[in-house]
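Remarks on the overall topology
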Amino acid sequence: MQLKPFMLDIWLDQYEHDIEFNLAASTGPTWTVNDILTLADDETRNHFLNHKLVYSRPAGADGLREAIAEMQQVPVEAVQIVTGASEALLVLMWLAAKPGANVIIPLPGFTTFSALPESLGLETRFYRVRRENGFRIDIDEIKRLADSKTSLILINSPHNPTGATLSDEEMESLHAFTAERGIQLVSDEVYHPIYHGRTTKSAARLPHATVIADMSKAFSNAGVRTGWMIEHDPQRRQQYWNARAYFSICNTTTGEILSEIAIRKRDTVLGKTQEAASRNLKILERFMADHRDVLGWIPPQGGMTAFPWLLSAENDRPFCQAAAEHGILLAPGDCFDSPSHFRLGFAAAGDNFSTALDRFGSFVKSWSPNLVAR
């Protein structure tokens, strides 16, 4: 077993701690511990400050699971807490790794989607989220890729890095297809419910779908490292619990308390992300129109990232390296197996987004690959 280099995190770790304007980030505006505690009542704040730093339960704290169940409108027993959606993916791919099995995932996509099944010896099949198709997730293509050996189909909506989304009808069609064939349908919803126009429902409403989500993206509380799985199948839930007991045992009690507060106050927390994303997306639309002679893009339907490209069709890594030297951090497209693109996050910068785009615009006007140091 060997994992391929995590190119995105290697890139971010190299630059993001000292960069002036981070437009590579895929989260929303940041929160402090004090910000979250301010949302709680006195009893909860006192509990946070005086709780014991002991093991939590492998399934997750009762209060946290109850808050997620209420949010997702599912029974409490359907909720399994994990250490971020990353651990959920690890659990799912580990359990899917049967001899001769294949999984179907998006391309481009988050590195973990492909790295985990490839490292476990699973045949990995890709459906393409194509620029030529308006970054549409093609349900018919997914269905054509499936066969009797397909163990799992992964949907990421809103999609990282393009911002593509599935409609409720498309998700229901895919759900019916997978349920009939006994294929596990996994819906990665870390960017739900941040939408720009058409909104869609969580797949948690569908009896044969598995939903994974976490606090990192839409909630923009990545530091608590809290994720969850919504599973209606009792046998699968037991498998998740057992795998989780081996992998990480439990979350931190501190992170679970903060996560419960944020979820119970989700109108405020998610509202902050949606407001920043909606406002900054309008600014980005004007920016892209001003630079349409150099940059192409398809506006995202959801989430907090866009996936532009250079009209010259060149590899974007030198462009991103030169931008970093000018204080602007972007994420090169080769981190998502799409080297002619780059990911641009438009919510994490918050009120500084306009200033960041001013700097980026000056760089774009001066850009020439011949000027990049070799």
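Above this text you will find the structure in question.
Every residue gets a number counted from 1 within its own chain, in the order that chain's sequence is written. Predicted model: local features are reported for residues with pLDDT of at least 70 only, side-chain atom pairs are reported and counted for 80 or more only, and whole-chain, interface and lining totals are derived from all residues. With hydrogens and water set aside, each side-chain value is computed from the structure's full complement of heavy atoms.

Considerations on empty space enclosed by the protein
To find the voids left in a structure, one rolls a probe of water-molecule size over its atoms. Definitions used for this entry: grid spacing 1 Å over protein atoms alone; cavity, a set of points where a 1.4 Å probe fits but cannot get out; pocket, an open set with protein on both sides within 12 Å along at least 5 of 7 lines; lining residue, one with an atom within 4 Å of a point. Grid points are joined across faces, edges and corners, and a volume is the space filled by probe spheres set on the points. Under the defined criterion, the tally for this structure stands at 1 cavity of 30 Å³ or more. Of the pockets and cavities examined, the largest cavity occupies roughly 70 Å³. Forming the walls of the largest cavity are S157, L166, S167, D168, M171, S187, E189, Y195, T200, K201, A203 and R205. Lys, Arg, Asp and Glu make up the charged group, whereas Ala, Val, Leu, Ile, Met, Phe, Trp, Tyr, Cys and Pro make up the nonpolar group; the residues left over, Gly among them, are polar. Grouping the constituent residues of the lining of the largest cavity by class yields 4 nonpolar, 4 polar and 4 charged.

Thoughts on the packing of helix α5 (residues 84–96) against helix α9 (residues 234–247)
Axes here refer to lines fitted to C-alpha atoms; in helices the fit is confined to the stretch in contact. Angles between the N-to-C directions go from 0 to 180 degrees. The helix and strand labels rest on DSSP assignments: H or I over at least four residues marks a helix, E over at least two residues marks a strand, and numbering proceeds from the N terminus. Axis separation between α5 and α9 bottoms out at 10 Å; the angle between their running directions is 115°. Considering only the axes of α5 and α9, their crossing is right-handed. Facing E87, L90, V91, L92, W94 and L95 of α5, the residues of α9 in contact are Q239, Y240, A243, R244 and F247. Residue classes in the contact of α5 with α9 are distributed as 8 nonpolar, 1 polar and 2 charged. For a crossing to be left-handed, the near helix must be turned anticlockwise from the far one by less than a right angle; the clockwise case is right-handed. What makes two residues a contact is simply this: any of their non-hydrogen atoms within 4.5 Å.

A look at a nonpolar patch on the surface
Patches draw on residues past 30% relative accessible area with no salt bridge. Two like charges within 9 Å are joined, as are two nonpolar side chains (Val, Leu, Ile, Met, Phe, Trp, Tyr) within 5 Å. In these tables, accessible area is a Shrake-Rupley quantity obtained with a 1.4 Å probe, and a residue counts as shielded only by the protein chains included in the view. Just to be clear on terms, a salt bridge is a Lys or Arg side-chain nitrogen sitting within 4 Å of an Asp or Glu carboxyl oxygen. A contiguous nonpolar surface patch, about 540 Å² in accessible area, is contributed by M1, W94, Y246 and F247. With respect to the secondary-structure elements, F247 resides in helix α9. A relative accessible area of 30% means that F247 is categorised as partly exposed. Each residue gets one of three labels from its accessible area relative to the maximum for its type: buried under 20%, exposed over 50%, partly exposed in between, using a 1.4 Å probe on protein chains only.

Quick notes on the layout of surface pockets
In this structure, the largest pocket spans a volume of roughly 850 Å³. Of all the secondary-structure elements, those providing two or more residues to the lining of the largest pocket are α1 (7–15), α2 (33–38) and α5. Of all the elements, α1 adds the most residues to the lining of the largest pocket, at 4 residues. Residue composition of the lining of the largest pocket, grouped by class: 18 nonpolar, 13 polar and 8 charged. Space inside the second largest pocket adds up to approximately 390 Å³. Elements with a contribution of two residues or more to the lining of the second largest pocket: α3 (42–50) and α10 (253–264). Looking at the lining of the second largest pocket, the element that brings in the most residues is α10, giving 6 residues. Here the residues of the lining of the second largest pocket sort into 7 nonpolar, 6 polar and 7 charged.

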